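# Structure at a glance
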Amino acid sequence: MVSLPGSPATNLLRFLFLGLSTLASPSQAQLELHVPAGLTKLKAVEGAEVVLPVWYTLQGQVSSGQTWELLAVMWFLEQEGKDLNQVLAYISRTTTSKPGVSLVYSMPSHNVSLRLQGLQEKDSGSYRCSVNVQDHRGINRSHSSKTLELSVLVPPAPPSCRLLGVARVGTNVTLSCQSPRSKPAAQYQWERAPPSAQVFFAPVLDAIRGSLSLTNLSSSMSGVYICKAHNEVGSAQCNVTLEVSTGPGPAVVAGAVVGTLVGLGLLAGLVLLYHRRSKALEEPANDIKEDAIAPPTLPWPKGSDTISKNGTLSSVTSARALRQPQGPPRPGALTPTPSLSSQVRPSPRLLRTDGAHPQPTSPSPGGVSSSTLSRMGAVPVMVPAQSQAGSLV
C-alpha cells in the first residue's frame, strides 16, 4: 500500500464524486450499498482489529443487458471538531491507504469491506464508504455512500492505590483508587483480602470515584485492601496495606523530637554564653596584673636578728619603732645594726628572767615607715626579746 495523497487530492476526489452523482441519470441502473443489520454501530478493543462490512448492488443491470464497471471506492473518517480524513482510496485499479487500513477483498469486487488493524482510541469515529460505477462506455454512472459508527474501547489501565489519613485507633482514613485511562469510565470495587475477607458497598464505597471510607479504626481492621477497576472490556487492580497503630501518631513523635532539639539548642546557647562572660571577666583582670608595676626591692641586712634559725623572716616592726633615739647610747650597750627587725615595730615585750628591764631599741636613721611596709606586704610578727649576749629572754 502506498501513502494517501495530500489534502488537495482529497478535495478533488470529493468534487469528483459530487459531479458523478449529479450526472447520474435516474433512468439508469441504481447503485445501492448494504450493511448487515445491527452492525451500523461497532465496538472494538484497543489493540485489536475490526472489519467494517459493506457491499453494493446494481439495480436494472440484467434487464438492460449492460455491463457495469467499478470506477472508484473511497473510505473517509469523520470526527467531531476535525476535518474529513481519507483513510483509503481505490481509483483506476490503484489502492492507497493509511497504515493498518486495507480492503478485505481484492478489487474489483462488489464487497468493499474495510479492515482496520492495531486499533487505537483515536481511530474512533464515523466511517463513510463512497462507491462510483460506470458502464462499459464510461458514460452512465451511479454513486452511493454508507456510514458506520466505530467506538474503540480501552480497558482500565492499572490503577494507583493510596491511603489518606493517619491509621491510628479511633481515627478515620480514606482509601483512594484511580485508573489513569479507561473507556468507558471505570467502575471501582474495594474488598479486604483473606484471612479477614470482606466486600464493601455503598455508602462507605464510592464506585465512581473509587474511594473507601473507614471510620473509628480498630486493630482488627488492619489488613490488605484490594481495589478492582473494571469496565465492559477489561479490568485491573491494585492494593494497599492498612496497619492500625495504637501508639502516638507521627505528629506527636515529631513534636517531641523537635522539642528535644530546641531544648538542647537552648542549653548549648546558655553554656556558650556563660563561657564567653567568664572569659570576658578574666581578660580585664589579666590586663591589670600585666600592667601593674612591681614595688622596689629593699636591701635586707644580714643581721642575726632578722632571720630565725630556720632561715625565715622573724619579725617586722611598725613605724613607731623606726624613730631616732633621743640620746646617746649607754656605755656598754650594743649598737643595733640596721635590719628588718630594727626597722619594724617590736611585738609586746616579754619579761626578762634576770629582772632587768629591757631597753627599747631605737631604729636607725633612714628606716622605712609602716605605711611603706604595709604597701610592701609586710606582716607584723611577735618574736622573743633578745639579750645583749644573744640569748632569748
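Rules behind the numbers
- Residues numbered from 1 in each chain as written.
- Predicted model: local features only at pLDDT ≥ 70, side-chain atom pairs only at ≥ 80, totals over all residues.
- Heavy atoms only, no water.
- Helix = DSSP H or I, 4+ residues; strand = E, 2+ residues; numbered from the N terminus.
- Buried < 20%, exposed > 50% of the residue type's maximum accessible area, 1.4 Å probe, protein only.
- Areas by Shrake-Rupley, 256 points an atom, 1.4 Å probe, with all protein chains shown as cover.
- Disulfide = S-S within 2.5 Å.
- Phe/Tyr/Trp six-rings, centres within 6.5 Å; stacked < 30°, edge-to-face > 60°.
- Salt bridge = Lys/Arg side-chain N within 4 Å of Asp/Glu carboxyl O.
- Pairing = 2+ DSSP bridges.
- Core = buried A, V, L, I, M, F, W, Y, C linked by side-chain atoms within 4.5 Å.
- Contact = heavy atoms within 4.5 Å.
- pLDDT = per-residue confidence, 0-100.

### What about the overall build of the protein?
Along the protein, the regular secondary structure elements total five helices and 19 strands. In the protein, which comprises 393 residues, the share counted as buried stands at 30%. Accessible surface computed for the protein: about 24600 Å², of which carbon and sulfur atoms make up 57%.

### Brief notes about the state of the cysteines
Applying the stated rule across the entire model yields two disulfides. The disulfide bridge from Cys-161 ends at Cys-238, spanning 1.8 Å between sulfur atoms. Measuring the twist about the S-S bond at about 75°, one finds the Cys-161-Cys-238 disulfide to be right-handed. Placement of Cys-161 in strand β12 (residues 160-164) and of Cys-238 in strand β19 (residues 234-242) is noted, with a sequence separation of 77 residues between them.

### Concerning the packing of aromatic side chains
Here the structure, examined in full by the defined rule, presents one aromatic pair. For the ring pair Phe-200 and Tyr-225, a centre distance of 5.9 Å and an interplane angle of 25° mean the geometry is stacked. Remark: Tyr-225 occurs in strand β18 (residues 223-231) and Phe-200 occurs in the loop between β15 (198-199) and β16 (205-206); sequence separation between them is 25 residues. Neither residue differs from the other here; Phe-200 and Tyr-225 are each classed as buried.

### Concerning unusual backbone geometry
A cis amide bond, omega -5°, links Lys-183 with the succeeding residue Pro-184. One can find Pro-184 in the loop between β13 (173-178) and β14 (187-192). In this model, Pro-194 is joined to Pro-195 through a cis peptide bond whose omega is 10°. Topologically, Pro-195 is positioned in the loop between β14 and β15.

### Brief notes about the pattern of salt bridges
This model, assessed by the stated rule, comprises seven salt bridges. A salt bridge links Lys-228 to Glu-191; the nearest nitrogen and oxygen atoms lie 4.0 Å apart. Residue Lys-228 is located in strand β18, and its partner Glu-191 is located in strand β14; the two are separated by 37 residues in the primary sequence. The exposure class of Glu-191 is partly exposed, given its relative accessible area of 23%.

### Re the pairing of strand β17 (residues 211-214)
Pairing geometry for β13 and β17, over four bridges, is antiparallel. Within β17, the residue paired with Val-173 across the bridge is Leu-214. The pairing of β16 with β17 spans two bridges and is classified as antiparallel. Across the sheet, residue Leu-205 finds its bridge partner in β17, namely Leu-212. Connecting β16 to the antiparallel partner β17 that follows it, the hairpin turn spans four residues, and Gly-210 within it adopts a positive phi of roughly 80°.

### Some details on the sheet that holds β15
Spatially, β15-β14-β18-β19 is the arrangement adopted by the four strands of the open sheet, whose pairing is antiparallel. Among the strands making up the open sheet, the edge pair consists of β15 and β19.

### Considerations on the pairing of β13
Sheet topology places β12 next to β13; five bridges connect them, and they run antiparallel. Paired with Cys-161 across the bridge in β13 is Cys-177.

### What about the sheet that holds β13?
The four strands are arranged β12-β13-β17-β16 in an open sheet whose pairing can be described as antiparallel. At either margin of the open sheet sits one strand with a lone partner, and together these are β12 and β16.

### Notes on the nonpolar core
Grouped together as the largest cluster of nonpolar side chains are 31 residues, with contacts concentrated most on Tyr-56, Val-73, Trp-75, Leu-114, Leu-116, Val-131 and Leu-150. Once residues within four sequence positions are removed from consideration, Leu-114 is found in contact with Val-50, Val-51, Leu-52, Trp-75, Val-87, Leu-88, Val-101, Ser-102, Leu-103, Val-104 and Tyr-127. Among the nonpolar cores identified, the runner-up in size contains 21 residues, and Val-173, Leu-217, Cys-238 and Val-240 belong to it.

### Topic: the confidence of the model for the protein
Across the protein, the average pLDDT comes to 75, with 59% of residues at or above 70. When the criterion is pLDDT under 50, residues 300-325 qualifies, and its contacts beyond four places in sequence or with other chains add up to 74 contacts. Scored below 50 in pLDDT, residues 360-365 makes 17 contacts in the model with residues more than four places away or belonging to other chains.

### A word on the environment of Gly-125
Its place among the elements puts Gly-125 in strand β10 (residues 125-135). Counting along the chain gives 46 residues from Gly-125 to Gln-79, while the straight-line C-alpha distance between them is 5.2 Å. Those residues in contact with Gly-125, other than ones at most four positions away along the chain, are Leu-77, Glu-78, Gln-79, Leu-148, Glu-149 and Leu-150.

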